[in-house]
Amino acid sequence: ISERDIIRAVGTKGGDLRGVTVADLMAKTIISCRPLDRPSDVLKSMQDQKIRHMLVYDGNQVQGIVSIVDILKLLLERTSLDLDAATLGALDSWL
C-alpha cells in the first residue's frame, strides 16, 4: 500500500476509511525490479507506471525498496553534478 493509495481512498470515500482494509486499497499488481537492473531502466519503468517506489526482488526474496529519489540521486552523482544537501533535500521533498 502506498501513500498515494491512501490519499486516493480519502478523496473517493470522503475521508471516512473506517471499515476499509489494506486489501481494499493496495495495488493488485506489484511492479518490481532486480538488484542488477540498470538504474535508468528502473527510472523509466517508474515513469511509465507512474510510481515512486519499487520493490527489489532477487528470486522470490524481497531485497528492499528503491525510490525514484534514490535513482535520481545516483544518476546525478554519476553525472558529476555538485548539488548541496539543501538542494538534494528540496528534490527529495518535491518528489
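Here is a short report on the structure shown in this document. (Residues numbered from 1 in each chain as written. Predicted model: local features only at pLDDT ≥ 70, side-chain atom pairs only at ≥ 80, totals over all residues. Heavy atoms only, no water.)

1. A word on the overall build of the chain
Item 1. When its secondary structure is counted, the chain shows 5 helices and 3 strands.
Item 2. Secondary structure of the chain in N-to-C order comes out as α-α-β-α-β-β-α-α.
Item 3. Relative to its full complement of 95 residues, the chain shows a buried share of 16%.
Item 4. The contacts in the chain between residues at least 6 apart in sequence include a share of 31% that link residues at least 24 apart. (Helix = DSSP H or I, 4+ residues; strand = E, 2+ residues; numbered from the N terminus. Buried < 20%, exposed > 50% of the residue type's maximum accessible area, 1.4 Å probe, protein only. Contact = heavy atoms within 4.5 Å.)

2. Focus: the pairing of strand 3 (residues 61-67)
On a regular strand, one side chain projects to one face of the sheet and the next to the other, so that they alternate.
Item 1. Bridging between strand 2 (residues 53-58) and strand 3 involves 6 bridges; their strand directions are antiparallel. Looking across to strand 3, one finds that Asp58 is bridged to Gln61.
Item 2. Between strand 2 and strand 3, which pair antiparallel in sequence order, lie 2 residues; one of them, Gly59, sits at a positive phi of approximately 70°. (Pairing = 2+ DSSP bridges.)

3. Examining the layout of surface pockets
Gaps between atoms show up when a probe of the same size as a water molecule is rolled over them.
Item 1. The space that makes up the largest pocket amounts to roughly 550 Å³.
Item 2. Taken together, 20 residues form the lining of the largest pocket, with Ser2, Asp5, Ala27, Ile51 and His53 sitting closest to its centre.
Item 3. Of all elements in the fold, only helix 1 (3-12) and strand 2 reach the threshold of two or more residues within the lining of the largest pocket.
Item 4. Here the element with the most residues in the lining of the largest pocket is helix 1; it accounts for 4 residues.
Item 5. Considered class by class, the residues forming the lining of the largest pocket number 10 nonpolar, 4 polar and 6 charged. (1 Å grid on protein atoms, 1.4 Å probe; cavity = no way out; pocket = protein on both sides within 12 Å on 5 of 7 lines; lining within 4 Å. Points joined across faces, edges and corners; volume = space filled by probe spheres on them. Nonpolar A, V, L, I, M, F, W, Y, C, P; charged D, E, K, R; others polar.)

4. What to know about the side chain of Ser67
Item 1. For Ser67, the position within the fold is in strand 3.
Item 2. Each residue touching Ser67, except ones within four places of it in the same chain, is listed here: Met46, Arg52 and His53.

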